[in-house]
Amino acid sequence: MKHYDVVVVGAGPAGMACAINATKHGLTVLLVERDDFLGGQLIKQTHMFFGSEKQYAKTRGIDIATILKKELLKQDHVDIMLDTSALAIYDDKVITLLNHHDYIKVKANAIVVATGASEKVLAFPNNDLPGIYGAGAVQTLMNVHGVKPGKSVVMVGAGNIGLIVSYQLLQAGVDVKAVVEASDSIGGYLVHAQKLRRLGVPILTNHSVKEAHGATALEELIIWKLDENFSGIAGTEKRIETDTCCLSVGLKPSSEMLRQAGAEMTYVRSLGGYVPYINQNHETTVNNLFVCGDVSGIEEASSAMVEGFIVGLTLANRFKNVPNFSVLMTDLKTQLKDLRAGETGEHIMKGIKQIMRGDHHA
Amino acid sequence: MNEKDIIVCRCSDISLYDLKKLMEQGYTSFVELKQIARIGMGPCQGRTCSLLVLKELAKFLDVPFETLTPPTVRPTMSALKLKMIAKGKNNEEQR
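Just so we're clear, the structure is a prediction, and the values are computed from it rather than from any experiment. (Residues numbered from 1 in each chain as written. Chains lettered and ligands numbered in written order. Predicted model: local features only at pLDDT ≥ 70, side-chain atom pairs only at ≥ 80, totals over all residues. Heavy atoms only, no water.)

Here we look at the overall build of chain B
Stated precisely, the cut-off is as follows: A helix here means a DSSP run of H or I that spans at least four residues, while a strand means a run of E at least two residues long, and both kinds are numbered starting from the N terminus. For this measure, only C-alpha atoms enter the radius of gyration; the expected value for a globule follows 2.2 Å times N^0.38, where N is the number of residues. Under the scheme applied here, a residue whose accessible area is under 20% of the maximum for its type counts as buried, over 50% as exposed, and between as partly exposed, the area being computed with a 1.4 Å probe on protein chains only. Contacts are residue-level and defined by heavy atoms, with any inter-residue pair within 4.5 Å sufficient. Using the Shrake-Rupley algorithm and a 1.4 Å probe, accessible areas are obtained, with residue cover drawn only from the displayed protein chains.
Counting its regular elements, chain B contains 5 helices and 2 strands. Of the regular secondary structure in chain B, the N- to C-terminal order runs β-β-α-α-α-α-α. Relative to the compact-globule value of 12 Å for 95 residues, chain B shows a C-alpha radius of gyration of 17 Å, a clear excess of over 25%. In terms of overall dimensions, chain B has a C-alpha envelope of 60 × 30 × 20 Å along the principal axes. Taking all 95 residues of chain B together, the buried fraction comes to 41%. Counting only contacts in chain B whose residues sit at least 6 apart along the sequence, the fraction spanning at least 24 positions is 43%. Total accessible area computed for chain B in this model is approximately 5,800 Å², and 52% of it derives from carbon and sulfur atoms.

This is the structure:
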């Protein structure tokens, strides 16, 4: 059985950043990725990022993936396994992996779960008709495989993902008929919303899907207005002819593996779902089991990266001495704090307070 | 609105109608629903359906969502054949 200092599960922004920092400071690292490419959701992001220069602001997500990849491949002590799913984490820090048909056991001193998030779904009549997609699937079709998902689309959800994907659909020549949003305001950045509005796409707040119709695939969508309790108001129905409906109704942390590993978890609405209790170093209640990125609360790629760097540095300093540790750590913590300034950050900080403990290992 | 057309668990093809029927019969925890109807036991392993099912349970029981017990997660995270584990015995012999 191969033995590494650190096994990182998931090669998105958080996992890659973590692997870079851990191995840069002398640790042996195995980075495991289910997909056959590095970068996670970054490679679907054709828009430029916000944040500060340290998190590659003004750079397109796909280019950030390339930057991280180059940095990672420069390192000597990192093994990368693509097309590999992590199956389970055991008490003795053995982690089992599946690469095609090969079942592989690996031992680690520490395991970092950076499995990101998955999409929430919506329950409405005929929600299983072909043509109804999650926003992630639409991005994969368009931005990874170059396939148009349909001729026209109704986007459900006006958060950043819904707005950005709507714009990308327009760029791909798909007729975006409307963006519907259940709450009374647009959740995403107004710059993204304004781009859509300038191109004549209506953004309907207080609206949701009532039902979908179609013989063998989606043909029309019925939307309606919602009252203050998010119940549909009869008589307000509108019929939209469309072959595609894209659901962008939020993400939830893909934290199942942490529960399997025995980490104490709790449900935090503002973080998107079930998340682990963590300490300042992002260590869960299981000794040497760490988290970074969306798996411990839905945020953005920028903060996922910084969290990854923090965990990587923490591990490096735990197993080897990092001479300028406190300077490096203070810089990273400041970056994270700056990213969480503002209204959205406040909301996230409230959630993080619910899971942050002084030190559950003391 | 026909609740038979609202799919809650795609893997096991369970509709909202089916789910409500099960809850009325007294299966009012995720683990019971899992055992009786295989909800959360398909390829998605509950990743897609669990929040929808828990939301319906909270509504039915009239309790806050946060008080419900989510599904237990056991190894392995995805399905694999026993043959694969058996073939993996060489794992022990490497250093």
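Overview of the sheet that holds strand β8 (residues 132-134) of chain A
Residues and elements named next belong to chain A. Worth spelling out the cut-off: In this analysis, strands are considered paired if DSSP registers two or more bridges between them. Fitted lines through C-alpha atoms serve as axes, helices being fitted only where they are in contact, and the angles separating the N-to-C directions of these axes extend from 0 to 180 degrees.
The sheet built from 5 strands is open, its strands ordered β8-β15-β9-β10-β11 with parallel pairing. Looking at strand neighbours, the two that pair on one side only are β8 and β11 (203-205), the edges of this open sheet. Here the strands of the sheet are splayed against their neighbours by 20° on average, with no regard to which way each runs. On top of the sheet, helix α3 (residues 135-144) reaches β8 and β15 (244-247); it is set at about 90° to β8, its chief contact.

Some remarks on the packing of helix α4 (residues 160-171) of chain A against helix α5 (residues 190-198) of chain A
Residue and element names in this part refer to chain A. Rules: Take the far helix as your reference; a near helix turned counterclockwise from it by less than a right angle gives a left-handed crossing, and one turned clockwise gives a right-handed crossing. For this classification, Asp, Glu, Lys and Arg are treated as charged, while Ala, Val, Leu, Ile, Met, Phe, Trp, Tyr, Cys and Pro are nonpolar and the rest, including Gly, are polar.
Their axes nearest at 9 Å, the elements α4 and α5 cross at an angle of 35°. Once α4 is placed against α5, the crossing between them reads as left-handed. Two secondary-structure elements touch here, α4 through Asn160, Leu163, Ile164, Ser166, Tyr167 and Leu170 and α5 through His192, Ala193, Lys195 and Leu196. A class-by-class count of the residues in the contact of α4 with α5 yields 6 nonpolar, 3 polar and 1 charged.

So, the interface of chain A and chain B
Here is the rule: Buried area: the accessible surface (1.4 Å probe) lost by two parts on joining, summed over both. Salt bridge criterion: a side-chain nitrogen from Lys or Arg within 4 Å of a carboxyl oxygen from Asp or Glu. In protein, a polar contact requires one atom able to donate a hydrogen and another able to accept it; more generally it is a pair of N or O atoms within 3.5 Å, and residues adjacent in sequence count only if both atoms are side-chain atoms.
The interface of chain A with chain B comprises 31 residues on the first partner and 31 residues on the second. A combined buried area of about 2,900 Å² lies between chain A and chain B, and 62% of that area is made up of carbon and sulfur atoms. Sorting the residues of chain A by area buried against chain B places Met1, Tyr103 and Tyr274 of chain A first, and these three jointly supply 20% of that buried surface. Linking chain A with chain B are 1 salt bridge, by the criterion used here. A salt bridge links Arg269 of chain A to Glu66 of chain B; the nearest nitrogen and oxygen atoms lie 3.6 Å apart. The tally of links between chain A and chain B comes to 4 residue pairs in polar contact (both at pLDDT 80 or more). At the level of secondary structure, the elements contributing two or more residues to the side of chain A that touches chain B comprise β1 (2-9), β4 (84-89), β6 (102-113) and α6 (256-261) of chain A. Its residues assigned to classes, the side of chain A that touches chain B shows 15 nonpolar, 8 polar and 8 charged.

A look at the pattern of salt bridges
Side-chain pairs of opposite charge can arise where the charged atoms are in close proximity. All names here are of chain A. Taken as a whole and judged by the stated rule, the model has 14 salt bridges over all chains. Of the charged contacts, one joins Glu299 and Arg340 as a salt bridge, the two residues approaching to 2.7 Å between their closest N and O atoms. Remark: Arg340 occurs in the loop between α8 (325-339) and α9 (342-355) and Glu299 occurs in the loop between β19 (289-291) and α7 (301-319); sequence separation between them is 41 residues. Considered together, Glu299 and Arg340 belong to a single accessibility category, that of buried residues. Glu307 serves as the salt-bridge partner of Arg340, at 2.6 Å between the closest nitrogen and oxygen. In this pair, Arg340 sits in the loop between α8 and α9 while Glu307 sits in helix α7, placing the two residues 33 residues apart along the sequence. The residues Arg340 and Glu307 share a single accessibility class, namely buried. Shared partners join several salt bridges into a network, and the residues in it are Lys24, Glu71 and Lys74.

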